[in-house]
Amino acid sequence: MAPTRSADAATWTNWAGNQQSRALAVLRPSSVAEVAEQVRATAEAGERIRPVGSGHSFTPVAVGDGRRMDLARLAVDVLVDVDQRLVTVPAGMTLRELNALLAGHRLALPNLGDIDAQTVAGAIVTGTHGTGAAHGGLATFVEALTLVTGAGEVLRCSADERPDVFDAARVSLGALGVLVEVTLRCVDAFVLRAHERPASLDSVLAELPTLVDAHDHVEFFWFPYTSQVQLKTNDRVPIDDRPLSRWRSWLEDDFLANTVFAGACRLGRAMPTLAPTISALSARALTERGYTGRSDAVFCSPRRVRFLEMEYALPREALVDALGALRRIIDRLPFKVLFPVEVRFTAADRIPLSHSYGRDSAYLAVHQYVGMPYEPYFRAFEKVATELGGRPHWGKLHWRDAESLAPAYPRWHDFQRIRAHLDPHRTLTTPYLTTLLG
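Quick notes on the rules
Residues numbered from 1 in each chain as written. Predicted model: local features only at pLDDT ≥ 70, side-chain atom pairs only at ≥ 80, totals over all residues. Heavy atoms only, no water. Core = buried A, V, L, I, M, F, W, Y, C linked by side-chain atoms within 4.5 Å. Buried < 20%, exposed > 50% of the residue type's maximum accessible area, 1.4 Å probe, protein only. Helix = DSSP H or I, 4+ residues; strand = E, 2+ residues; numbered from the N terminus. Contact = heavy atoms within 4.5 Å. Phe/Tyr/Trp six-rings, centres within 6.5 Å; stacked < 30°, edge-to-face > 60°. Lys NZ or Arg CZ within 6 Å of the ring centre and 35° of its normal. Pairing = 2+ DSSP bridges. Axes fitted to C-alpha atoms, helices over the stretch in contact; angles between N-to-C directions. Polar contact = N/O pair within 3.5 Å; in protein donor to acceptor, adjacent residues only side chain to side chain. Salt bridge = Lys/Arg side-chain N within 4 Å of Asp/Glu carboxyl O. Patch = residues over 30% accessible without salt bridge, like charges linked within 9 Å, V, L, I, M, F, W, Y side chains within 5 Å. Areas by Shrake-Rupley, 256 points an atom, 1.4 Å probe, with all protein chains shown as cover.

Next up on the list: the nonpolar core. By size, the foremost hydrophobic cluster in this structure holds 59 residues, and its most contacted members are Leu98, Val120, Leu184, Leu353 and Trp394. No other element matches helix H4 (residues 120-125), which puts 5 residues into this core. Among all residues touching Val120, those that are not within four sequence positions of it are Val89, Pro90, Ala91, Met93, Thr94, Leu95, Leu98, Val182 and Leu184. Core analysis: the next-biggest nonpolar cluster, separate from the first, contains 52 residues, Phe58, Val212, Tyr312 and Leu314 among them.

In structure tokens, the structure reads:
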């Protein structure tokens, strides 16, 4: 297939609107063989190529200065092995499509984040995660993958076949090759009971070790300028006996969480002095509720209010210090913060560039509404998080570079060795990846 060269097709913008690029050409391969051919042609021409997903990263990780590859048309056979609980899907499939596919076979992913618009490949290679002390990120569910290297070679990888490449490629930022096919380990479909309630930040922090151990999934949102949080716990239950009505789901998760919240953010952007009042009213407006639902429907929520985000994975024991420092940072800022702060938890894993490599982690995410100043806020928190041993989420804003990141990842040099072997001419690199990885 010939590359697309129209001006409209060449222009790309991410979901948040803070990253843009224009490609020399847009490639839309329909087969793995065509992906390999296009990568080889790019390498022979001495140009660069960058695969893109759905644009849900806030960093320039998908921004390239050469050819862009869109995998939406990639035809890979979907294979579902119900007995083995394995599913093989094309990398360009969205998580929403994957969840629907699995539900049709009475299967599910063990854990998910709260957004399902990402492509499978994009979510995996940037380290997307949910929350749950016994669960790693989505990359830990990968059983096998097919990668087209920077030299155009097609590699099938798993724990038994090219295990070093398999380990590195699961969280790789697309720097090792174009991920074209993924096999995921699933579980039987399950129902979650969600319990959401307001609480004080101090009480939640005091109970945190017990909360995290007692529930399958725990997260909370702290409202700046207040002492209040919204605590959310999800636990597996045998039957879906308390579903939300369609009306209440629309009212609370769509209208209030998106339409009304967007209006409050616009008001706060126009009149920043109202931000503390808006935050306090938001915290008081949240009431306790409990309900049951299919796992992916409970994990994932609509997100239509645009924002920018930074998220750091911290050693779990550093969370209290990080939150204390963050509260002081927000109080000293010359502008106001309109979004709550999110806290989640994951288990340790052994993936070289995973944020949770070698340690149980607490993830602390700071947000700001689009159009509001954010960089001094994010940079101040980054300084604190870095000093506490934090690792930045690869898909969220940060200002770290290869020199500062290398000491944070014990297997950094293993990853670099594999990268040099799979992409010797840096066909898959970008200016941002050069800063980030060297």
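All chains considered together, the criterion is met by 11 aromatic pairs. Measuring from centroid to centroid gives 5.5 Å for Phe58 and Phe307, while their planes differ by 35°, and the two rings are tilted. Taken as a pair, Phe58 in the loop between strand S4 (49-52) and strand S5 (67-70) and Phe307 in strand S17 (residues 307-315) lie far apart in primary sequence, 249 residues in all. For Phe307, a relative accessible area of 6% corresponds to the buried category. Grouped by ring-pair contacts, the aromatic residues Trp15, Phe58, Phe261, Phe307 and Phe339 constitute a single cluster. In this structure, Arg236 packs its charged tip against the face of Phe190, placed 3.8 Å from the ring centre. Between Arg391 and the ring centre of Tyr409, over which it is positioned, the NZ or CZ distance is 5.1 Å.

With that settled, consider the sheet that holds strand S20 (residues 391-392). Spatial ordering of the open sheet is given by S16-S13-S15-S14-S18-S19-S17-S20, a layout of 8 strands whose pairing is antiparallel. Both outer strands of the open sheet, strand S16 (289-294) and S20, are each paired with one neighbouring strand and no more. Pairing of strand S14 (residues 217-222) with strand S18 (residues 341-346) involves 3 bridges; the strand directions are antiparallel. Bridge pairing in S18 links Phe220 to Val343. Helix H6 (residues 201-214) contacts strand S13 (191-200), S14, strand S15 (228-237) and S18 of the sheet and is inclined by roughly 160° relative to S13.

Okay, the environment of Gly293 next. Turning to its location among the elements, Gly293 is positioned in strand S16. Taking the relative accessible area as the measure of exposure, Gly293 reaches 10% and is therefore buried. In this structure, the C-alpha to C-alpha distance between Gly293 and Asp240, residues 53 residues apart in sequence, is 5.7 Å. Not counting chain neighbours up to four residues away, the residues in contact with Gly293 comprise Phe190, Val191, Leu192, Asp240 and Val298.

All right, on to the side chain of Asp116 then. Tracing the chain through its elements places Asp116 in the loop between strand S8 (107-108) and H4. The exposure class assigned to Asp116 is buried, which follows from its relative accessible area of 16%. A distance of 2.8 Å separates a polar atom in the side chain of Asp116 from a polar atom in the side chain of Arg96. Among residues more than four places away in sequence, those in contact with Asp116 are Thr94, Leu95, Arg96, Asn99 and Cys300.

With that settled, consider the environment of Gly290. Residue placement: Gly290 occurs in strand S16. Separated by 217 residues in sequence, Gly290 and Arg73 have C-alpha atoms that sit 40 Å apart. Those residues within four positions of Gly290 in sequence are excluded, and the remaining contacts are Ala194, His195 and Arg242.

This brings us to the pairing of strand S19 (residues 361-369). In terms of burial, S19 is a largely internal element, 9 of the 9 residues being buried. Here S18 runs beside S19; their pairing, made up of 5 bridges, is antiparallel. Within the sheet, the bridge partner assigned to Glu342 lies in S19 and is Ala365.

Attention shifts here to the pattern of salt bridges. Between side chains of opposite charge, a pair can form as their charged atoms come close. Considering all chains together, one arrives at 24 salt bridges under this definition. One salt bridge in this structure joins Asp167 and Arg170, with 2.9 Å as the shortest N-O distance. On the criterion of helical spacing, the pair formed by Asp167 and Arg170 is a turn pair, its members being 3 residues apart in helix H5 (residues 163-170). Relative accessible area serves as the criterion here: at 21%, Asp167 is assigned to the partly exposed category. Look at the salt bridges and you will find they share partners, linking Glu196, Arg248, Glu252, Asp253 and Arg289 into a network.

Quick look at unusual backbone geometry now. The phi torsion of most residues other than glycine is negative, and most of the peptide bonds are trans. Even without being a glycine, Tyr225 presents a positive backbone phi close to 70°. Using a relative accessible area of 24% as the deciding quantity, one classes Tyr225 as partly exposed.

Our next topic: a nonpolar patch on the surface. The grouping of Trp247, Trp250, Phe255, Leu256 and Val260 at the surface amounts to a nonpolar patch, some 500 Å² of accessible area in total. Note that Trp250 resides in helix H7 (residues 246-270).

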